[in-house]
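Commentary on secondary and tertiary structure
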Amino acid sequence: MSNISVNTTTNDAGAAPPAYASDLVAQVDDALRSLDDLTSAQLTTKFGELYGYHPPIRDRRWKHRRCAFAVQRQIYGEDLSDHAKEKLREIQRLLGIDLASVGPTVRSKVSRPSRHDHLQPGTALERRWRDQTIRVLVRQDGFEWDGRIFKSLSAIAKAVTKQHWNGNLWFGLVSRSRKQ
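Let us look at the structure shown here. Fair warning: this is a prediction, and the values are worked out from it, not measured in the lab. (Residues numbered from 1 in each chain as written. Predicted model: local features only at pLDDT ≥ 70, side-chain atom pairs only at ≥ 80, totals over all residues. Heavy atoms only, no water.)

1. Remarks on unusual backbone geometry
Positive phi values are uncommon outside glycine, yet Arg130 reaches one of about 55 degrees. Structurally, the position occupied by Arg130 is in the loop between β1 (124-129) and β2 (132-139). Although it is not a glycine, Lys162 adopts a positive phi angle of roughly 65 degrees. Following the sequence through the fold, Lys162 ends up in the loop between α6 (153-161) and α7 (167-170). Lys162 gets classed as exposed once you look at its relative accessible area, which sits at 64%. (Helix = DSSP H or I, 4+ residues; strand = E, 2+ residues; numbered from the N terminus. Buried < 20%, exposed > 50% of the residue type's maximum accessible area, 1.4 Å probe, protein only.)

2. So, the packing of helix α2 (residues 40-51) against helix α3 (residues 60-76)
Between two packed helices, both the angle of their axes relative to each other and the distance between the axes serve to describe the pair. At their nearest, the axes of α2 and α3 sit 9 Å apart, and the two run at 40 degrees to each other. The way α2 lies across α3 gives a crossing that is left-handed. In contact with Ser40, Leu43, Thr44, Lys46, Phe47, Leu50 and Tyr51 of α2, α3 contributes Arg60, Trp62, Lys63, His64, Arg66, Cys67, Phe69, Ala70, Val71, Arg73 and Gln74. Per-class residue counts for the contact of α2 with α3 are 9 nonpolar, 4 polar and 5 charged. (Axes fitted to C-alpha atoms, helices over the stretch in contact; angles between N-to-C directions. Left-handed = near helix turned anticlockwise from the far one by under 90°. Contact = heavy atoms within 4.5 Å. Nonpolar A, V, L, I, M, F, W, Y, C, P; charged D, E, K, R; others polar.)

3. A short note on the sheet that holds β1
Spatial strand order, β1-β2-β3-β4: 4 strands in an open sheet with antiparallel pairing. Pairing within the sheet leaves two strands with one partner each, and these edge strands are β1 and β4 (148-150). Across this sheet, the average inter-strand angle for adjacent strands is 30 degrees, counted without regard to direction. Strand direction decides the pairing type here: β2 and strand β3 (residues 142-145), joined by 3 bridges, are antiparallel. (Pairing = 2+ DSSP bridges.)

4. Observations concerning α2
Taking 1.5 Å of rise per residue, 12 residues should cover 16 Å, and α2 covers 16 Å from first to last C-alpha, within 8% of that figure. Residues of α2 that are buried: Leu43, Thr44, Lys46, Phe47 and Leu50. Buried residues along α2 cover an arc of 165 degrees about the axis, so they all sit on one side. Away from its buried face, by an angle of more than 90 degrees, α2 presents the exposed residues Ala41 and Glu49. Two residues or fewer past α2, Gly52 is found with a positive phi of approximately 85 degrees. (Expected span 1.5 Å × (residues − 1). Arc of directions from axis to C-beta.)

5. Let's talk about the pattern of salt bridges
Under the definition given, this model contains 7 salt bridges. Linking Glu49 and Lys46 is a salt bridge whose minimum nitrogen-to-oxygen distance equals 3.1 Å. With Glu49 and Lys46 both in helix α2, this residue pair falls 3 residues apart, about one helical turn. Among the ionic pairs, Glu86 bridges to Arg89, the shortest N-O distance being 3.4 Å. Taken as a pair, Glu86 and Arg89 lie in helix α4 (residues 82-95) at a separation of 3 residues, close to a single helical turn. It is possible to trace a salt-bridge network through shared partners that takes in Glu86, Arg89 and Arg93. (Salt bridge = Lys/Arg side-chain N within 4 Å of Asp/Glu carboxyl O.)

6. A look at the nonpolar core
Grouped together as the largest cluster of nonpolar side chains are 15 residues, with contacts concentrated most on Ile134, Val136, Ile156 and Phe171. Counting residues per element, the ones that place at least two in this core are β1, β2, β3 and α6. Ile156 has contacts with Val136, Phe143, Trp145, Phe150 and Phe171, leaving out every residue within four places of it along the chain. Counting residues in hydrophobic clusters, the runner-up holds 14 residues, among them Val28, Leu35, Phe47 and Leu50. (Core = buried A, V, L, I, M, F, W, Y, C linked by side-chain atoms within 4.5 Å.)

7. A word on α4
Compared with the 20 Å implied by 1.5 Å per residue over 14 residues, the 20 Å span of α4 between its first and last C-alpha is a close match. Downstream of α4 by one or two residues, Gly96 has phi in the positive range, about 70 degrees.

8. Observations concerning the environment of Lys151
In this fold, Lys151 is placed in the loop between β4 and α6. The sequence separation of Lys151 and Asp141 amounts to 10 residues, and the corresponding C-alpha distance is 7.4 Å.

So, to be careful, I would describe these as geometric facts and stop short of saying anything about function.
The following block contains the structure:
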């Protein structure tokens, strides 16, 4: 198994010695090349060494990318230097920003456009299925059918047919394309 070595020597003050950008780039290149030679089982072992737990996914490319990220993080450093932190505090003072009064940062999911943006609330969709007519009302919070609210057209198609369907395809909103 190839060993990936990272220069972690420190000076008398306990800080890593300054490295030139070209040295770091060369170190990263060598480390990434050595990852390329590892088998999937070896990448699993390397992942465990880098992250401290077994990878949740068996795919070799996935493990390779995660190991490459961790190796780069080790070489380039995980945190800002003390100098960079002091510069940020100085900018903060100059701008009059008091982060202590802001409170904790709350991360939220980035909203993305809905797959059904082309369907305006109030639109009615209709489809014949066996001996019944399926009528669906597009609402702001989903789709209404048979007195119930569904999050997707696929959920309605499954409730009707008891089979997994692409809702847009089942309701005729898109056509099935075949690769030639």
